[in-house]
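Here is how the chains run, residue by residue.
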Amino acid sequence: MLLGASLLGVLLFSKLVLKLPWTQVGFSLLLLYLGSGGWRFVRIFIKTIRRDVFGGLVLLKVKAKVRRYLRQRRTVPILFASTVQRHPNKTALIFEGTDTHWTFRQLDDYSSSVANFLQARGLASGDVAALFMENRNEFVGLWLGMAKLGVEAALINTNLRRDALRHCLTTSRARALIFGSEMAPAVFEIHASLDPSVSLFCSGPWDPSLVPASTEHLDPLLEDAPKHLPSRPDKGFTDKLFYIYTSGTTGLPKAAIVVHSRYYRMAALVYYGFRMRPDDVVYDCLPLYHSAGNIVGIGQCLLHGMTVVIRKKFSASRFWDDCIKYNCTIVQYIGELCRYLLNQPPREVEKRHQVRMALGNGLRQSIWTEFSGRFNIPQVAEFYGATECNCSLGNFDSQVGACGFNSRILSFVYPIRLVRVNEDTMELIRGPNGVCLPCQPGEPGQLVGRIIQQDPLRRFDGYLNQGANNKKIAKDVFSKGDQAYLTGDVLVMDELGYLYFRDRTGDTFRWKGENVSTTEVEGTLSRLLDMADVAVYGVEVPGTEGRAGMAAVANPTGSCDLEHFAQLLEKELPLYARPIFLRLMPELHKTGTFKLQKTELRKEGFDPATVKDPLFYLDARKGRYLPLDQEAYTRIQAGVEKL
């Protein structure tokens with residue numbers, strides 16, 4: 001603002017008072033602009049204009065299609081019908097477990113039989129049916145068939161049991177539960193407490209003695225069902241498609257609402273932003289109850305006609321063999337999956353594939369270059385986005401470590417922002433006018449996205465539980481009277497507008513007057529320990545400010561040279577970031593999407609009376625990790641042992 005006023009003042013003074021010619025006025029303005037720091041803008045413009053124009057064109061293309069589909073009341077099944085019409089005999093899905101190939105016509109027929117069968121059983125548009133099944137082709141056909149009828153699928157995490165499983169079924173108000181035979185024991189545990197009106201159907205190998213008495217075998221029923229397209233339900237582009245549940249690491253899972261336009265937007269932005277092609281073959285080993293596997297992955301099949309290879313579960317040892325067998329050109333990853341691949345012994349097969357792109361989120365910056373180099377993958381397509389968020393990001397030009405970008409030149413085009421927060425409480429910091437304060441480059445802040453409910457790209461559909469919605473929405477964020485979605489994630493933006501993931505809510509703690517990023521420390525420790533699983537968190541110590549760092553390390557062999565490890569840490573991390581406590585465990589528990597679960601670890605802390613795993617603490621004077629027994633614990637609690 002001040003620079004603009006100065007330039008205007010010079011312009012008026014030069015023309016009206018000094019009466020200089022335009023060439024001299026222009027030269028004077030240029031000198032003033034560059035001398036006052038404007039050269040930085042020129043540098044940023046030159047370095048980012050190509051990226052920003054491409055990103056803008058992708059956004060405009062998707063926005064134009066979204067508006068058209070909104071006007072035409074398109075839905076995912078209608079868009080899929082167009083894909084089937086283009087190439088009915090092309091392979092749509094391959095299930096690696098049985099090498100089963102389905103063409104687009106076969107997927108269309110199977111999903112139509114699902115719709116006709118459910119309709120015959122009394123389900124109608126607006127009803128909910130739960131799907132509880134491991135990855136396979138039928139999973140896609142089942143929820144797609146439900147969508148053809150207008151029935152909303154509740155996609156249940158296959159890791160859930162008892163209370164959490166019952167909670168998901170109850171809160172979704174599902175009228176039917178379709179489960180894979182592999183999930184029968186979990187259903188058996190809760191069926192007595194389910195509403196008797198809920199219909200139970202089992203898909204897969206059939207043994208009546210292993211399922212609840214009221215269960216019907218679904219597969220023969222679908223074979224006998226008509227395969228014609230059912231009558232079109234009264235559903236539009238912004239109506240509900242299905243529900244995806246959060247992993248529930250900090251409580252009972254929440255059902256995030258996915259509408260048809262959201263499914264399209266997430267799949268299309270990835271498709272156009274990362275320059276995918278219809279002839280690509282995607283390797284999808286991520287759980288299909290999750291948005292990365294089912295929308296980012298399967299969405300390329302349903303909407304853009306790609307072939308998708310489905311694997312029941314990720315296997316580090318078979319990953320590249322599968323890619324070669326099925327001629328995959330794109331592989332999906334999430335969380336720690338890339339580190340597990342790096343932890344495998346080198347093999348010749350890992351470079352004989354045709355993979356040109358790794359697509360996903362959560363690739364740590366510390367192993368980014370090693371991952372793409374060792375496995376000879378030209379493009380790492382990292383993106384950021386939660387199922388329910390309205391501020392997705394994409395790293396369209398493979399900037400190492402970045403999860404996306406926002407234009408520094410035209411930042412208003414995409415209404416997202418990093419805003420200042422108290423990193424201990426994640427409370428938003430506001431200016432005198434009550435509006436949130438934007439972060440400058442290099443300053444960490446929470447990512448937020450302006451909510452515009454009339455715009456399918458900016459709307460927030462939220463959760464089934466309205467109370468959960470209130471925690472994700474803030475007012476007066478960009479300007480007075482507006483609303484914005486709170487991601488709960490702390491990111492940092494560099495001078496060129498690239499955004500780097502820093503931490504999730506609660507994953508930053510303060511020690512010795514410094515903020516410690518658990519993500520960064522985990523990356524360093526894992527690298528030093530040959531890619532072992534590491535969870536870093538803060539624990540309270542009486543008489544000290546903040547929280548002391550603690551690291552739980554997967555150490556199945558029981559052999560860890562802690563003296564050498566401490567020496568390496570001294571070179572790699574500042575004193576305040578080095579873990580004070582170590583816990584060596586046979587393995588670390590993870591969610592189905594490879595996120596480390598820290599809630600219980602935090603609760604258990606470092607008390608040897610509670611924790612049965614080997615514990616160690618850092619003796620700052622000796623620079624070594626020593627066994628943490630009850631005597632040492634008592635000294636630490638009393639403040640005698642200085643940390």
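Residues numbered from 1 in each chain as written. Predicted model: local features only at pLDDT ≥ 70, side-chain atom pairs only at ≥ 80, totals over all residues. Heavy atoms only, no water.

**Some points on the environment of K313**
Then comes step 1: As for its position among the elements, K313 is in the loop between strand 11 (307-310) and helix 11 (319-325).
Then comes step 2: Between the C-alpha atoms of K313 and G273, which are 40 residues apart in sequence, the distance is 27 Å. (Helix = DSSP H or I, 4+ residues; strand = E, 2+ residues; numbered from the N terminus.)

**Topic: the packing of aromatic side chains**
Then comes step 1: Inspection of the entire model under this criterion finds 23 aromatic pairs.
Then comes step 2: A ring pair is formed by F565 and Y625, whose centres lie 6.1 Å apart and whose planes are at 25°; its orientation type is stacked. You can see F565 sitting in helix 16 (residues 562-572) and its partner Y625 sitting in strand 30 (residues 624-627), a full 60 residues away along the chain.
Then comes step 3: What makes F565 buried here is its relative accessible area of 3%.
Then comes step 4: Looking at Y625, the relative accessible area reads 7%, which means it is buried.
Then comes step 5: Through a chain of ring-to-ring contacts, three or more aromatic side chains come together here, namely Y283, F314, F319, W320, Y340, F371 and F375.
Then comes step 6: In this structure, R275 is placed above the aromatic ring of F54, and the distance from its NZ or CZ to the ring centre is 3.9 Å. (Phe/Tyr/Trp six-rings, centres within 6.5 Å; stacked < 30°, edge-to-face > 60°. Buried < 20%, exposed > 50% of the residue type's maximum accessible area, 1.4 Å probe, protein only. Lys NZ or Arg CZ within 6 Å of the ring centre and 35° of its normal.)

**Some remarks on the domain arrangement of the chain**
Then comes step 1: According to the domain assignment, the chain contains domain 1 (73-313) and domain 2 (508-638).
Then comes step 2: One C-alpha centre belongs to domain 1, the other to domain 2, and the line joining them spans 41 Å. (Domains from an automatic or database assignment.)

**Focus: the environment of Y243**
Then comes step 1: Its place among the elements puts Y243 in strand 8 (residues 240-245).
Then comes step 2: In this structure Y243 comes out as buried when scored by relative accessible area, which is 2%.
Then comes step 3: The spacing of Y243 and Y289 is 46 residues in sequence and 9.0 Å in space, taken between C-alpha atoms.
Then comes step 4: When sequence neighbours within four positions are dropped, the list of residues in contact with Y243 reads V128, E152, A153, A154, L155, A255, A256, I257 and L464. (Contact = heavy atoms within 4.5 Å.)

**Quick notes on the packing of helix 3 (residues 76-86) against helix 5 (residues 137-149)**
Geometrically, a packed helix pair is captured by the angle between its two axes and the distance between the axes.
Then comes step 1: Put simply, helix 3 and helix 5 touch, their axes get as near as 8 Å, and they point 115° apart. By the angle class used here, helix 3 and helix 5 are roughly perpendicular. Here helix 3 contributes V76, P77 and F80 to the contact with helix 5, which in turn contributes W143, L144, A147 and K148.
Then comes step 2: Residue composition of the contact of helix 3 with helix 5, grouped by class: six nonpolar, no polar and one charged. (Axes fitted to C-alpha atoms, helices over the stretch in contact; angles between N-to-C directions. Parallel < 35°, antiparallel > 145°, perpendicular 65-115°, else oblique. Nonpolar A, V, L, I, M, F, W, Y, C, P; charged D, E, K, R; others polar.)

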